[in-house]
Amino acid sequence: MSETDEILLLERRDGVVRMTLNDVARRNALSPALLDALHGALREGSSDEDVRAMVITNAGSVFCAGADLAAAGTSAGDHATLADVLLAIEESPKPVIGRIGGHAFGGGLGLAAACDISIASSEARFGFTEVRLGVAPAIISVVCLPKLRRSDALELFLTAERFEATRAVASGLITRAVEPARLDAEVDEVIAAVLRGAPGALAVAKRLALGHDREASREAYAAMTELSQALFAGAEAAEGIAAFRERRAAAWVPLGLGGART
């Protein structure tokens, strides 16, 4: 496993690769550079016979703030997309464990939910914040909707309100939440339990749990990526992102509600 830029820190020990999102100044937003680094590390770890499990975690107080608004909606070109990263987690034969040591919004919540087992700090907050920016949680819906009751999906998607880790657990988005002081110990216990399983058997067990139709997943991600790009290119997204940056209410917010950034 080669070293990558400091935007993603890699640590390999005892067959486990830890990937730390490290763009703290930008709240670990999913920039093209970070998506490239994360996608490359996931693919490399998936193909390395000496790697038994992978962990995705964060530096700073935010696990991942979601889309990089400066690049959102533009053509990915040669860069990895969020869909590529989520598919790499799903298709990896290795268990991918999320150590969610901070808040996760939008695409960041999708990344946390995509991990096979996600353990979060009880102080972390979550949210599908997209509609307040004039877009929708299109790409991450592929991984999140199978975990959510329809009533939860409607409330969380439509209100864009932030919610506590206990709600994220109750709705099925993450596995469990623990006190911050217990987070590392809980993750280590999960890793130890996973490593007791045979590598080939773990790969089959993961596929059984996720379902068998990989092509359907690829098609869903492709369609939702196209939809997401169209939404980000629209007038509502332009206004929503401008309002976010200017710390004001978007034009569609009724007078009297007001408010600053989402």
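Residues numbered from 1 in each chain as written. Predicted model: local features only at pLDDT ≥ 70, side-chain atom pairs only at ≥ 80, totals over all residues. Heavy atoms only, no water.

As recorded in an unreviewed UniProt entry, the chain goes by the name Enoyl-CoA hydratase/isomerase, listed as coming from Acidimicrobium ferrooxidans. Listed in UniProt under the heading Sequence similarities (unreviewed entry), the comment for the chain reads: "Belongs to the enoyl-CoA hydratase/isomerase family." (UniProt positions renumbered as here; feature names shortened; annotations may be inferred.)

So, on to the overall build of the chain. Scanning the chain from N- to C-terminus turns up 10 helices and 10 strands. Dimensions along the principal axes, computed over C-alpha positions, put the chain at roughly 60 × 40 × 35 Å. Considering only residue pairs separated by 6 or more positions, the chain has 71% of its internal contacts joining residues 24 or more positions apart. A total accessible area of about 12,300 Å² is found for the chain, and carbon and sulfur atoms account for 53% of it. Across the chain, the 27 positively charged side chains and the 35 negatively charged ones have centroids separated by 4 Å. (Helix = DSSP H or I, 4+ residues; strand = E, 2+ residues; numbered from the N terminus. Contact = heavy atoms within 4.5 Å. Areas by Shrake-Rupley, 256 points an atom, 1.4 Å probe, with all protein chains shown as cover. Lys, Arg positive; Asp, Glu negative; His and termini not counted. Charge placed at Lys NZ, Arg CZ, Asp CG, Glu CD.)

This next bit is on the pairing of strand S2 (residues 16–21). The side chains of a regular strand alternate between both faces of the sheet. Across the six residues of S2, six count as buried, placing the element largely inside the fold. Note: strand S1 (residues 8–13) against S2, six bridges, orientation antiparallel. Bridging from a neighbouring strand, Glu11 pairs with Arg18 of S2. Hairpin connection, S1 to S2: the antiparallel pair is bridged by two residues, and Asp14 has positive phi, about 55°. Here S2 pairs with strand S3 (residues 53–58) via six bridges, running parallel. Bridging across to S3, Leu21 finds its partner in Asn58. In terms of handedness, the path from S2 via helix H1 (residues 32–47) over to S3 forms a crossover that is right-handed. (Buried < 20%, exposed > 50% of the residue type's maximum accessible area, 1.4 Å probe, protein only. Pairing = 2+ DSSP bridges. Right-handed = clockwise from strand over helix to strand, strands pointing away.)

Attention now goes to the sheet that holds S2. Pairing is mixed in the open sheet, where six strands are placed in the order S1-S2-S3-S5-S7-S10. Each edge of the open sheet carries a strand with a single partner, namely S1 and strand S10 (176–178). The average undirected angle you get between the axes of adjacent strands in this sheet is 20°. As judged from the four bridges shared by strand S5 (residues 96–100) and strand S7 (residues 117–121), these two strands associate in the parallel manner. Each bridged residue has a counterpart across the sheet, and for Gly98 the counterpart in S7 is Ser118. Against the sheet, helix H7 (residues 183–195) engages S2, S3, S5, S7 and S10, with an angle of about 165° to S7. (Axes fitted to C-alpha atoms, helices over the stretch in contact; angles between N-to-C directions.)

Attention now goes to the packing of aromatic side chains. All chains considered together, the criterion is met by three aromatic pairs. Note on Phe128 and Phe157: the rings are 4.8 Å apart at their centroids and 65° apart in plane angle, and the pair reads as edge-to-face. Linking Phe128 in the loop between strand S8 (125–127) and helix H4 (138–144) with Phe157 in helix H5 (residues 150–159), this pair joins segments that are 29 residues apart in sequence. This pair shows no difference in class: Phe128 is buried, exactly as Phe157 is. An aromatic cluster of three or more residues is present, and its members are Phe126, Phe128, Phe157 and Phe163. Geometry around Phe105 places Arg162 over its ring, the cationic atom sitting 4.2 Å from the centre. (Phe/Tyr/Trp six-rings, centres within 6.5 Å; stacked < 30°, edge-to-face > 60°. Lys NZ or Arg CZ within 6 Å of the ring centre and 35° of its normal.)

One open sheet accounts for four strands, arranged S4-S6-S8-S9; its pairing is mixed. Strands at the two margins of the open sheet, each flanked by one partner only, are strand S4 (62–64) and strand S9 (163–164). Relative to S8, strand S6 (residues 103–105) runs parallel, the two being bridged by two bridges. The residue of S8 that forms the bridge with Ala104 is Phe126. Across the sheet, helix H3 (residues 107–114) lies against S4, S6, S8 and S9, angled at about 110° from S6, the strand it touches most.

Of all the positions in H5, only Asp152, Ala153, Leu156 and Phe157 are classed as buried. On an axial view of H5, the arc spanned by its buried residues comes to 110°, and they lie on one face. H5 presents Arg150 and Leu158 as exposed residues on the side facing more than 90 degrees away from its buried surface. Lining the buried residues of H5 we find H4, S9 and helix H6 (165–170). Directly after H5, the chain includes Ala160, whose backbone phi takes a positive value near 60°. (Arc of directions from axis to C-beta.)

Owing to a relative accessible area of 0%, Phe128 belongs among the buried residues under this scheme. For the pair Phe128 and Ala153, spaced 25 residues apart in sequence, the C-alpha separation works out to 9.5 Å. Leave out the neighbours within four places in its chain, and Phe128 touches Leu109, Pro137, Ile140, Cys144, Leu148, Leu156, Phe157, Ala160, Phe163 and Leu173.

So, on to helix H10 (residues 235–246). With 12 residues, H10 should cover 16 Å at 1.5 Å per step; its first-to-last C-alpha distance of 16 Å lies within 8% of that length. Restricting attention to buried positions, one finds in H10 the residues Ala237, Glu239, Gly240, Ile241, Ala243 and Phe244. Immediately beyond the C-terminal end of H10, within one or two residues, lies Arg247, with a positive phi of roughly 55°. (Expected span 1.5 Å × (residues − 1).)

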